[in-house]
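Take a look at the letters that make up each chain.
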Amino acid sequence: MLAGRRKKLSIRYFAILREERGLAAETVESGAETAADLYEELVERHGLSLDRRRLGVAVNNAMTDWQEVLRDGDLVVFIPPVAGG
């Protein structure tokens, strides 16, 4: 992960990620440049178990790819796979 200028990011967690984190949302300060960098930082910090290749990611309410460059104040949502029934 390339550590850039620190920024405040709002994060929302759903399903298993919410259970593992114990929170539905939080605000963090991070030097992560991309959504991928941020997720890897959170895996290390909180022990999240899902490989990011199994997740979707949205930034500011728009689905995007993992190389999306993050800016101060962004809202990042990690979307785990869903099971239907």
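Residues numbered from 1 in each chain as written. Predicted model: local features only at pLDDT ≥ 70, side-chain atom pairs only at ≥ 80, totals over all residues. Heavy atoms only, no water.

Peer 1: Outline the nonpolar core, listing residues and values.
Peer 2: Leu17, Leu38, Tyr39, Trp66 and Phe78 are the most contacted members of the largest nonpolar core, which has 20 residues in total. Going through the elements one at a time, strand S1 (3–13), strand S2 (25–32), helix H2 (35–46), strand S3 (56–59) and strand S5 (75–79) are the ones with two or more residues in this core. Contact partners of tryptophan 66, with chain neighbours within four places excluded, come to Thr34, Ala35, Ala36, Tyr39, Arg52, Leu55, Gly56, Val57 and Phe78. (Core = buried A, V, L, I, M, F, W, Y, C linked by side-chain atoms within 4.5 Å. Buried < 20%, exposed > 50% of the residue type's maximum accessible area, 1.4 Å probe, protein only. Helix = DSSP H or I, 4+ residues; strand = E, 2+ residues; numbered from the N terminus. Contact = heavy atoms within 4.5 Å.)

Peer 1: Summarise the side chain of glutamate 26; cite the residues concerned and give the values.
Peer 2: As for its position among the elements, glutamate 26 is in strand S2. A polar contact is formed between the side chain of glutamate 26 and the side chain of tyrosine 13, at a distance of 2.6 Å. Here arginine 21 takes part through its side chain, which lies 3.0 Å from a polar atom of the side chain of glutamate 26. Apart from the residues within four sequence positions on either side, glutamate 26 is in contact with Leu9, Ser10, Ile11, Tyr13, Arg21 and His46. (Polar contact = N/O pair within 3.5 Å; in protein donor to acceptor, adjacent residues only side chain to side chain.)

Purely geometric numbers; function is a separate question.
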